[in-house]
Amino acid sequence: DDGYRLWLKYDRLADAGQCAQYQRAARFVATTGTDPVLRTAAAELQRGLQGLLGQPVPVQASMGALGGGIVLKLDRTAIDASTPNAAEGYRIYSEKNNLVVASPSAAGVLYGAYAVLRRVQTGGALAGWAVRSAPRIGHRMINHWDNPNGTVERGYAGSSIWKWDELPQRLDPRYTDYARANASIGLNGVVINNVNASARYLTPDYLPKVAALAGVMRPYGIRVYLSVFWAAPKVLGGLPTADPLDPAVQRWWAAKTDEIYRAIPDFGGFLVKANSEGEPGPQDYQRTHADGANMLAKALGAHDGVVMWRAFVYKADGSGDRFKEAYQDFQPLDGKFDPKVLVQVKNGPIDFQAREPFHPLFGAMPRTPLVLEVQLTQEYLGFATHAVYLGPLIKECLEADTYAQGPGSTVAKVVDGSLDRHAQTGIAGVANIGSVRNWTGHPLGQANWYAFGRLAWDHTLDPGALATEWARMSLTTNAAAVRSITALLDQSRSIYVRYTTPLGLHHIMGESIHYGPQPWLAKAGRPDWTAVYYHRGDSLGLGFDRTATGSNALALYRPAVQQQWGSAATCPLDYLLWFHHVGWQQPLRTGRTLWNELCYRYYTGADSVAWLQKQWAAARPALDAEVYADVAARLQIQQQEAYWWRDACVLYFQTLARQPVPGPFAPPTRTLADIKRQVQVYQLK
Ligand code: BDP
């Protein structure tokens, strides 16, 4: 198995009894009409069921007299209209010996069709099955960081899947399979290019190419969006400025937007990274992010599209606490954005670290719809060599309580619009997808794409259950094997945190590449790109004091949150060094001193990779040999690199703490100099 089919494998079910039951319930698929999305739903069901059940499943217009089939139908009353995103919801129920999949929209029927397939793939009964489901979040997006030259920023799975030189004439079949995969997990939007955007996509040369991709996505209920380069009116329009308040600039964007909609009538809208990491933006003209976003919203005019404006900004000079900067720029703009604007906020205040506290903007901008952005590509999580299942990370953020309107004001409720009654809502995952045959490089990385989509649909789902679902659909139906793979996935992120950044350490990875450890990094392009800026280690202790005696970033949160994290004595250890500078000899509530606890976590974390390997080995008899070997080899690399992280961090922090490695752990056999040499290799051009 080369992994290409993802979770849409549809191999013949092994259990003959079960198969026979499904066969009786899936003799045909009935649907009428010519709607392309409805046609997709029927075709996907046919394809999936024929594979799983090994019998012909004709698509027909009538349900016949005897029943025993699956009926797809548009029905405005299928989902209560007051349910958020009701139009995309589906209802599945039995009627006259048929299973009916009904929705107010063809896209909803498609999602229901995939739910039927998932049900069969995971062994649930079809007879008597009744379910109603609507997505809790409206814009469920994949953000590609793909460049026009085919590279992918922070991509570890080959090159871009988009072949610009072949478009629009040649449509790689992979585009369709990509659309199928997204639709099957409920995703409905794709930003096809990098936030560090090229103006190229907006040219008359490239718009037909983008339109061709949109044409592939459309029958799967997916809309295409573009990241835009803020200075495009200068680069493409020959204007002297990109000032959002300049009428010529406004006219340029309005005309460009009309041109896009002529080519792509269902174009989704714009994603913008402005005044961040060297990208131009409205602040270049002393305008605010709201001025910029609102200008684009006006340009969209009557078109059905949105602006997703990123809040990932931090001061160009690296002064201050980066933790606070997006908040300082954006929070005062709450209430100033056009209704077509959503502000897109990363899960944490710094940058996709293995564990971050939730971003303080969540709960602080009640009048602005906030899109949650998470990173599926493992930029800071070991690329495609470390197994890190992100379900728990995403869920941890969604469940974090902002206390914005008292207890229970979770990030999920901010994002799904229920807390502040927003109709526009969104969630975005930065793609971990590339041109390699198995899409994600690490075969287990597929689970991150999968879990993201499922949580985007319903954030109340359990990440462990999603891991099980994914493993069953993608790897094996053997129950014991699925259990050990689920355990592996479920624990993988917390193990990664332990051997890389325990106790709330963050941003101590290799310079620019963001791979491997480099906690000693003290000089970089700017202070907030170093490691010492974040860990603040010295002879006394370790950690960034973000309380009132330090940067006071903690004050950005509600009092109840401040109380939770505000005292080193009571702060959960997972967040300790995010907020406190703690003495090396300070006893923690585990009974160990900070230094000993740090060592304890690095050592046990690194050793736990052996446990991951054991889980994988236990599943071996039930796994495809090719997939087994691939993951097993990657786990070996992970083991080796976990020791690398451990030794680098223990040895470096030891130069500050001046304490021995506590028993029963043996001190590293290599020296810090050995490790630094190894890290330098990654910094060579
Ligand atoms: C950082 C990445 C950088 C991205 C940036 C972003 O290192 O490549 O451009 O995020 O999100 O983590 O804009």
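Keep in mind that what you see is a predicted model, and the values were worked out from it rather than measured.

## Notes on the overall build of the protein
- The helix and strand tally for the protein stands at 20 helices and 16 strands.
- Computed over C-alpha atoms, the radius of gyration of the protein comes to 26 Å, within 12% of the 26 Å expected from 2.2 N^0.38 for 685 residues, which places it in the range of a compact globule.
- In terms of overall dimensions, the protein has a C-alpha envelope of 80 × 65 × 50 Å along the principal axes.
- A buried classification covers 55% of the 685 residues belonging to the protein.

## Observations concerning the nonpolar core
- Formed by 224 residues in total, the largest nonpolar core has its most connected members in Val 101, Val 307 and Val 343.
- If sequence neighbours within four positions are ignored, Val 307 has contacts with Gly 269, Phe 270, Val 272, Ala 293, Leu 296, Ala 297, Leu 300, Lys 340 and Val 341.

## A look at the environment of Gly 268
- Within the fold, Gly 268 resides in the loop between helix H7 (247-263) and strand S10 (269-272).
- A sequence separation of 126 residues divides Gly 268 from Ile 394, and the C-alpha atoms of the two residues are 24 Å apart.
- With sequence-adjacent residues up to four places away left out, Gly 268 is seen in contact with Gly 189, Arg 223, Val 224, Tyr 225 and Gly 305.

## Description of the site of the ligand
- As a structural note, the neighbourhood of the ligand is formed by Glu 153, Arg 154, Val 195, Asn 196, Lys 273, Glu 277, Phe 312, Asp 351, Phe 352 and Glu 379.
- Of the residues that constitute the shell around the ligand, the class distribution is three nonpolar, one polar and six charged.

## Digging into the environment of Ile 433
- Mapped onto the elements of the fold, Ile 433 is located in the loop between strand S14 (426-430) and helix H12 (446-457).
- Note on Ile 433: 26 C-beta atoms within 10 Å, which makes it buried.
- The spacing of Ile 433 and Leu 376 is 57 residues in sequence and 8.8 Å in space, taken between C-alpha atoms.
- Once you skip the residues sitting within four places of it in the chain, Ile 433 turns out to touch Ala 157, Ile 161, Trp 439, Thr 440 and Trp 449.

## A short note on the packing of helix H10 (residues 391-399) against helix H13 (residues 463-474)
- Orientation of H10 relative to H13, taken along the N-to-C sense of each, is 150°, at an axis distance of 9 Å. As the angle between them shows, H10 and H13 are arranged roughly antiparallel. For the pair H10 and H13, the sense of crossing is right-handed. Contact residues: H10 offers Gly 391, Pro 392 and Lys 395, while H13 offers Pro 463, Leu 466 and Ala 467.

## Some points on the domain arrangement of the protein
- Domains assigned within the protein are domain 1 (16-133), domain 2 (139-474) and domain 3 (497-544 + 581-683).
- Here the C-alpha centre of domain 3 lies 49 Å away from the C-alpha centre of domain 1.

## A closer look at unusual backbone geometry
- Residue Pro 168 follows Leu 167 across a cis peptide bond; omega there is 0°.
- Along the polypeptide, Pro 168 turns up in the loop between strand S7 (139-143) and helix H4 (173-184).
- Of note in the backbone geometry, Phe 383 takes a positive phi value of approximately 50° without being a glycine.
- Along the chain, the position of Phe 383 falls in the loop between strand S13 (370-375) and H10.
- The phi dihedral of Asn 552 is positive, around 60°, even though this residue is not glycine.

## A word on the UniProt feature "domain: Alpha glucuronidase N-terminal" (unreviewed entry) in the protein
- Mapped onto the present numbering, the UniProt feature "domain: Alpha glucuronidase N-terminal" (unreviewed entry) falls on residues 6-115.
- Taken end to end, residues 6-115 is 35% helix and 19% strand, and its first and last C-alpha atoms sit 16 Å apart.

## Comments concerning the sheet that holds strand S12 (residues 341-346)
- Spatially, the eight strands close up into a barrel ordered S7-S8-S9-S10-S11-S12-S13-S14, and their pairing is parallel. Adjacent strand axes in the sheet meet at a mean angle of 25° when their direction is disregarded.
- By the bridge criterion, three bridges tie strand S8 (residues 189-191) to strand S9 (residues 223-227) in an arrangement that is parallel. Pairing of Val 190 across the sheet is with Val 224, part of S9.

## Brief notes about H12
- An ideal rise of 1.5 Å per residue puts 16 Å on twelve residues; H12 measures up with 17 Å between its terminal C-alpha atoms.
- Among the twelve residues that make up H12, twelve are buried, leaving the element largely enclosed by the rest of the structure.
- Buried within H12 are the following residues: Gln 446, Ala 447, Asn 448, Trp 449, Tyr 450, Ala 451, Phe 452, Gly 453, Arg 454, Leu 455, Ala 456 and Trp 457.

## What about the pairing of strand S3 (residues 70-74)?
- Note: strand S1 (residues 29-30) against S3, two bridges, orientation parallel. Across the sheet, Ala 30 pairs through a bridge with Val 71, a residue of S3.

## Topic: the packing of helix H14 (residues 479-500) against helix H18 (residues 594-619)
- Between H14 and H18, the shortest axis-to-axis distance is 9 Å and the interhelical angle comes to 160°. One way to sum up the angle between H14 and H18 is to call them roughly antiparallel. Crossing geometry of H14 relative to H18 is assigned as left-handed. Between H14, through Ala 481, Ser 484, Ile 485, Ala 487, Leu 488, Ser 492, Ile 495, Arg 498 and Tyr 499, and H18, the contact on the second element is made entirely by Arg 601, Tyr 602, Thr 604, Gly 605, Ala 606, Ser 608, Val 609, Leu 612, Gln 615, Trp 616, Ala 618 and Ala 619.
- Partitioning the contact of H14 with H18 into residue classes produces 13 nonpolar, six polar and two charged.

## Structural notes on the sheet that holds S1
- Strand order in the open sheet formed by six strands is S2-S1-S3-S5-S4-S6, and the pairing between neighbours is mixed. Unpaired on one side and paired on the other, strand S2 (59-60) and strand S6 (131-133) mark the two borders of the sheet.
- Packed onto the sheet, helix H2 (residues 36-53) meets S1, S2 and S3 and runs at close to 165° relative to S3.

## What to know about the pairing of strand S11 (residues 306-310)
- In terms of burial, S11 is largely enclosed, as five of its five residues are buried.
- In S11, alternate side chains face the same way, and those of Val 306, Met 308 and Arg 310 on one face and Val 307 and Trp 309 on the other are all buried.
- Two strands pair when backbone bridges link them, and S10 and S11 are joined in this way by four bridges, in the parallel orientation. Within S11, the position partnered with Val 272 by the bridge is Trp 309.
- For the crossover from S10 across helix H8 (residues 289-300) to S11, the handedness is right-handed.
- Across four bridges, S11 lies against S12 in parallel orientation. Paired with Arg 310 across the strands is Gln 344, a residue of S12.
- Between the parallel elements S11 and S12, the chain passes through helix H9 (residues 322-330) in a crossover that is right-handed.

## Quick notes on the confidence of the model for the protein
- Counting all residues, the mean pLDDT for the protein is 97, and 100% of those residues have values of 70 or more.
- Two numbers describe this predicted complex: its pTM, 0.98, and its ipTM, 0.99.

Conventions we followed
Residues numbered from 1 in each chain as written. Predicted model: local features only at pLDDT ≥ 70, side-chain atom pairs only at ≥ 80, totals over all residues. Helix = DSSP H or I, 4+ residues; strand = E, 2+ residues; numbered from the N terminus. Rg over C-alpha atoms; globule rule 2.2 N^0.38 Å. Buried ≥ 20, exposed ≤ 12 C-beta atoms within 10 Å, placed from the backbone. Core = buried A, V, L, I, M, F, W, Y, C linked by C-beta atoms within 7 Å. Contact = placed C-beta atoms within 7 Å. Near = placed C-beta within 6 Å. Nonpolar A, V, L, I, M, F, W, Y, C, P; charged D, E, K, R; others polar. Axes fitted to C-alpha atoms, helices over the stretch in contact; angles between N-to-C directions. Parallel < 35°, antiparallel > 145°, perpendicular 65-115°, else oblique. Left-handed = near helix turned anticlockwise from the far one by under 90°. Domains from an automatic or database assignment. UniProt positions renumbered as here; feature names shortened; annotations may be inferred. Pairing = 2+ DSSP bridges. Expected span 1.5 Å × (residues − 1). Right-handed = clockwise from strand over helix to strand, strands pointing away. pLDDT = per-residue confidence, 0-100.

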